[in-house]
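Notes for the structure review
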Amino acid sequence: MTVRTRFAPSPTGYLHVGGARTALYSYLYAHRMGGKYVLRIEDTDLERSTDAAVQAIFDGLSWLGLKEDEGPFYQTRRFDRYKDVIQQMLNAGTAYRCSCTKERLEQLRAEQEARKDKPRYDGHCRHNPPADDSKPFVVRFKNPIGGVVAWDDLILGRIEIANDELDDLIIARTDGSPTYNFCVVVDDYDMQISHVIRGNDHVSNTPKQINILLALGATLPQYGHLPMILGQDGQKLSKRHGAVSVIQYRDEGYLPQALLNYLVRLGWSHGDQEIFSMAEMTQFFDVKDVNKSAAAFDTKKLLWLNHHYIKSSPADEVAKHLEWHMQDQNIALAGGPALARVVAAQAERCDNLRTMAAQSRYFYEEFSDYDAVSADKQLTAQTRAALAALREQLAALADWNAVAIHGAVDAVCKALSLGFGKVAPPLRVAITGSTASPSIDITAELIGKSRVLARIDRALAFIDAKAA
Ligand code: GLU
């Protein structure tokens with residue numbers, strides 16, 4: 001059997017972390033088994049689906065690097081097929097027209113509620129089908145009577161539902177449009193989905209879908225329903241808990257690999273391993289090892305993973321993502337150092353790329369004001385002599401590199417009998433605007449000689465202006 005999984009988002013909002021985890025698990029499982037991962041956009045709810053949401057889902061998936069093997073398929077482009085299947089079922093007698101009026105159904109419901117019975121269709125048209133098509137009708141699925149629908153959920157274990165609990169589901173509305181559960185069934189059938197991996201908010205749909213699949217003569221897929229993701233407070237994860245959209249994690253400076261690694265561990269484990277490359281995830285992931293119970297989202301752990309990947313990924317790769325943030329913050333890169341070098345210099349100090357970009361602006365552009373506290377402390381009459389001597393030493397350097405720069409700072413320390421701690425901090429404030437930067441020699445190298453000299457001049461002028 002070829003394993004075929006699918007991710008089937010409804011485009012009614014952004015791609016949230018729960019959806020991203022479903023996509024990731026579907027992707028990993030298919031690839032682990034040498035199968036295919038299908039992307040299907042479930043856009044039949046015309047009122048709530050938007051093109052912007054479709055785009056947001058594509059953007060989120062593409063940022064994560066979860067490329068579909070087949071698709072994207074759109075349900076709205078498959079209406080003819082759904083109509084054909086409805087007709088086939090009518091012909092085969094597995095579905096029937098129901099022309100019960102709204103009034104009749106409301107009355108039925110009121111009576112059932114009064115008797116404290118579960119509200120459900122009473123089968124009137126199942127037993128007395130309308131003689132012709134003259135009255136408006138819906139199409140209902142002839143749910144089996146008696147017996148159970150059962151499946152061995154890959155995550156939740158055996159689940160059994162009595163058929164008598166299930167209604168004769170409407171599969172086509174009076175305007176002929178197919179309903180949600182029906183479209184899912186036809187798609188899973190046509191797309192030969194072997195493993196349905198989805199959120200456990202769909203558990204109650206599964207018996208309905210299984211019955212229709214059986215009526216179509218389909219081989220049933222296996223189902224695995226994923227537990228919910230909760231916030232740290234134990235409530236269902238929502239906007240209250242901060243970022244929930246995948247793209248917002250990009251905007252906040254996370255690497256896709258960090259979020260993927262975080263998500264794969266959210267409800268699944270492989271021994272006590274925490275760090276997984278994509279290749280390892282694909283090698284080890286199995287739906288049946290997913291936990292039954294809900295997992296709590298832990299932003300601290302995600303940040304820890306992010307820092308891990310910022311430090312350990314090839315600098316060139318991190319640089320591509322940093323570039324996005326530099327552009328997002330309108331930092332013009334032309335004429336500045338290679339971004340990979342900035343990544344290497346900043347990786348230890350920054351656990352997210354948004355901050356790294358903000359703290360790397362001075363490599364590319366003049367900063368406007370000094371950090372007031374740093375300037376008060378470091379750009380003073382007492383540090384003026386060291387800065388002036390540094391300017392002279394640095395200006396004389398033939399090779400502009402960290403080693404030579406370090407040598408120049410040492411020479412000034414010696415000449416003025418000052419410790420490194422008295423010379424480097426004023427230089428740092430002079431050339432970066434604050435006391436937070438990577439080591440001074442690399443920082444100065446990356447800023448470049450002419451800019452460093454100009455910035456020391458600016459600092460000297462600043463000190464003189466303060467004194468005057
Ligand atoms: N479209 C459904 C959703 O976004 C998922 C359907 C499914 O996976 O069967 O919740």
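The structure presented is a predicted model; accordingly, all values stated were derived computationally and were not measured.

This next bit is on the site of the ligand. Neighbouring residues of the ligand: R6, A8, P9, S10, E42, Y180, V184, R198 and H202. One of the side-chain N or O atoms of R6 is found 2.8 Å from an oxygen atom in the ligand. Take H202: an N or O atom from its side chain is 2.9 Å from an oxygen atom of the ligand. In isolation the ligand exposes 300 Å². Once the protein is present, 82% of that is buried.

Below, the discussion takes up the packing of aromatic side chains. Note on aromatic pairs: each is described by the distance of the centres and the angle between the planes. This structure, assessed with the given rule, holds twelve aromatic pairs. Considering the side-chain rings of Y25 and F285, the 4.5 Å spacing of their centres and the 35° angle between planes classify their relative orientation as tilted. Here F285 lies in the loop between helix 10 (278-284) and strand 12 (295-296) and Y25 lies in helix 1 (residues 17-32), a separation of 260 residues in the sequence. For the residue pair Y25 and F285, the accessibility class agrees, reading buried in each case. When the ring of Y249 is compared with that of F297, the centres are 6.0 Å apart and the planes differ by 45°; the resulting orientation is tilted. Here Y249, found in helix 8 (residues 246-251), pairs with F297, found in the loop between strand 12 and helix 11 (299-312); they are 48 residues apart in sequence, far enough to count as distant. No difference in accessibility class separates Y249 from F297, as the two residues are buried. An aromatic cluster is built from Y25, W268, F276 and F285, whose rings are joined through pairwise contacts. It is R77 that lies over the ring of Y74; its NZ or CZ is 4.0 Å from the centre. Here the basic side chain of R97 rests over the ring of F137, its NZ or CZ set 5.2 Å away from the ring centre.

Before going further, it helps to spend a moment on the side chain of T44. Tracing the backbone shows T44 in the loop between strand 2 (36-41) and helix 2 (51-64). We classify T44 as buried; its relative accessible area is 17%. Not counting residues up to four positions away in its chain, the partners in contact with T44 are Q75, T76, F79 and C183.

Residues of strand 1 (residues 4-7) alternate between two faces, with R4 and R6 on one and T5 and F7 on the opposite face, all of them buried. Across four bridges, strand 1 lies against strand 2 in parallel orientation. Bridging across to strand 2, T5 finds its partner in Y37. As for the winding sense of the linkage, the β-α-β connection from strand 1 through helix 1 to strand 2 is right-handed.

Scoring rules and cut-offs
- Residues numbered from 1 in each chain as written.
- Predicted model: local features only at pLDDT ≥ 70, side-chain atom pairs only at ≥ 80, totals over all residues.
- Heavy atoms only, no water.
- Near = heavy atom within 4 Å.
- Polar contact = N/O pair within 3.5 Å; in protein donor to acceptor, adjacent residues only side chain to side chain.
- Areas by Shrake-Rupley, 256 points an atom, 1.4 Å probe, with all protein chains shown as cover.
- Phe/Tyr/Trp six-rings, centres within 6.5 Å; stacked < 30°, edge-to-face > 60°.
- Helix = DSSP H or I, 4+ residues; strand = E, 2+ residues; numbered from the N terminus.
- Buried < 20%, exposed > 50% of the residue type's maximum accessible area, 1.4 Å probe, protein only.
- Lys NZ or Arg CZ within 6 Å of the ring centre and 35° of its normal.
- Contact = heavy atoms within 4.5 Å.
- Pairing = 2+ DSSP bridges.
- Right-handed = clockwise from strand over helix to strand, strands pointing away.

All we've got here are geometric facts, nothing functional implied.
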